[in-house]
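# Remarks on the overall topology
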Amino acid sequence: MKVTIITIVLNNVDTIISCMDSVMGQTYKNIEYIVIDGGSTDGTIDILRKYNGNISQWISEPDNGVYYAMNKGVKMATGDIIGFLNADDYYADNGVIQHIVDEINLNKVDSCYGDVVYVKRNDLMKVTRYWKSISCNVDNFKKGWFPPHPTFFVKKNIYDRLGVFNTDYKFSSDVELMIRFLCKHSVSTCYIPDVLIKMRDSGKSNKSLINIARSVWECYLAMKNNNLNVTPLYLLSTLLFRFKQIFVK
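Residues numbered from 1 in each chain as written. Predicted model: local features only at pLDDT ≥ 70, side-chain atom pairs only at ≥ 80, totals over all residues. Heavy atoms only, no water.

## Thoughts on the pairing of strand E1 (residues 3–9)
Short version of the rule: Each residue is assigned to one of three classes by its accessible area relative to the maximum for its type, calculated with a 1.4 Å probe on protein chains only: buried under 20%, partly exposed between the two thresholds, exposed over 50%. Labels follow the DSSP assignment, with helices taken as runs of H or I lasting at least four residues and strands as runs of E lasting at least two, numbered in each case from the N terminus. Only strands that DSSP links by at least two bridges are regarded as paired with each other. Crossovers are marked right-handed if the path from the first strand over the helix to the second runs clockwise, as seen with the strands pointing away from the viewer.
By the criterion of burial, E1 is predominantly enclosed, with seven of the seven residues buried. Because side chains alternate across E1, one face comprises the buried residues Val3, Ile5, Thr7 and Val9, and the other comprises Thr4, Ile6 and Ile8, equally buried. One ladder, built from seven bridges, connects E1 with strand E2 (residues 31–37); its direction is parallel. In the sheet register, Thr7 faces E2, and the bridge partner there is Val35. For the segment spanning E1, helix H1 (residues 16–24) and E2, crossover handedness is right-handed.

## A few points about the packing of aromatic side chains
What characterises a pair of aromatic rings is the spacing of the ring centres plus the angle enclosed by the ring planes. Cut-off, in case you're wondering: Any two rings among Phe, Tyr and Trp, with Trp reduced to its six-membered ring, count as a pair given centres within 6.5 Å; such a pair is stacked if its planes are under 30 degrees apart, edge-to-face if over 60, and tilted if neither.
In the structure shown here, the tally under the stated rule is seven aromatic pairs. Each ring, one from Tyr67 and one from Phe165, has its centre 6.1 Å from the other, and the planes form 25 degrees; the classification is stacked. Pair noted here: Tyr67 is in helix H3 (residues 66–76) and Phe165 is in the loop between helix H6 (156–162) and helix H7 (173–184), with a separation of 98 residues, a long-range link. Phe165 matches Tyr67 in its accessibility class, with the two residues each being buried. Ring plane angle 75 degrees and centroid distance 5.2 Å describe the contact between Phe141 and Phe146, whose orientation is recorded as edge-to-face.

## Some details on the nonpolar core
For clarity, the threshold we go by: Among the buried residues, those of types Ala, Val, Leu, Ile, Met, Phe, Trp, Tyr and Cys that are joined through side-chain atoms within 4.5 Å form a nonpolar core.
Counting residues in each nonpolar core, the largest one holds 74 residues, and the members touching the most others are Ile97 and Phe181. Sort the elements by how many residues they give to this core and H7 lands first, with seven residues.

## So, the pattern of salt bridges
Our working rule: For this analysis, a salt bridge means a side-chain nitrogen from Lys or Arg found within 4 Å of a carboxyl oxygen belonging to Asp or Glu.
All told, the structure shown has eight salt bridges when counted by the stated rule. We note a salt bridge from Lys72 to Glu61, for which the minimum N-O separation is 2.9 Å. Taken together, the residues span a long stretch of sequence, with Lys72 in helix H3 and Glu61 in the loop between strand E3 (57–60) and H3 at a distance of 11 residues. Of the charged contacts in the structure, one is a salt bridge between Lys72 and Asp63, with a shortest N-O distance of 4.0 Å. The exposure class of Asp63 is partly exposed, given its relative accessible area of 27%.

Below is the structure:
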């Protein structure tokens, strides 16, 4: 199967090389690599030009945010499986994509997800948080747990059938998409109990308590709008879960 990997980038000159190198170093070779740049002005474009021969497609133009850019990438993708690798992130090892393809084939599923570790931006050997996934089911979603989206690989025909990222959600469109796919439409999935992605400490929804609260509110709306029966108590339990997940080492 062809695997499409999409990287969204805006002014990440310091990290884009390690991100792209981790894609190009994969042992699995049937990879389509798409880079969507939002109009970088810091030298990122020069790096993309230098890597032009190793990137299947790339564009650079202003957009309305990360989820708009993700949708561009999905529409450009021609692979059987689609995954995202953010410009601050990199694969845990060179066998990640082979592992993903093997697990999807072995388990005969349409998606998969795994674990993430966060590392310090300037010391990649220093792990600051381990995001270990658990069983993906509606009850766990209602408790405020979601798979780490960077590890979420989905077959393209699922996007074709169920739609792309809903840009009405400014902070949690990725969560809404997983709720829609995994809960509302019961897309088959499997958990890979290994670290797939290493992420530098960052994240739009993790930069402040206000953004965490906004993200949780959007998750609550996503649950309601996708016909999951949740009560307002979900807000409190999810806030506590997210606070512990982000701030408790």
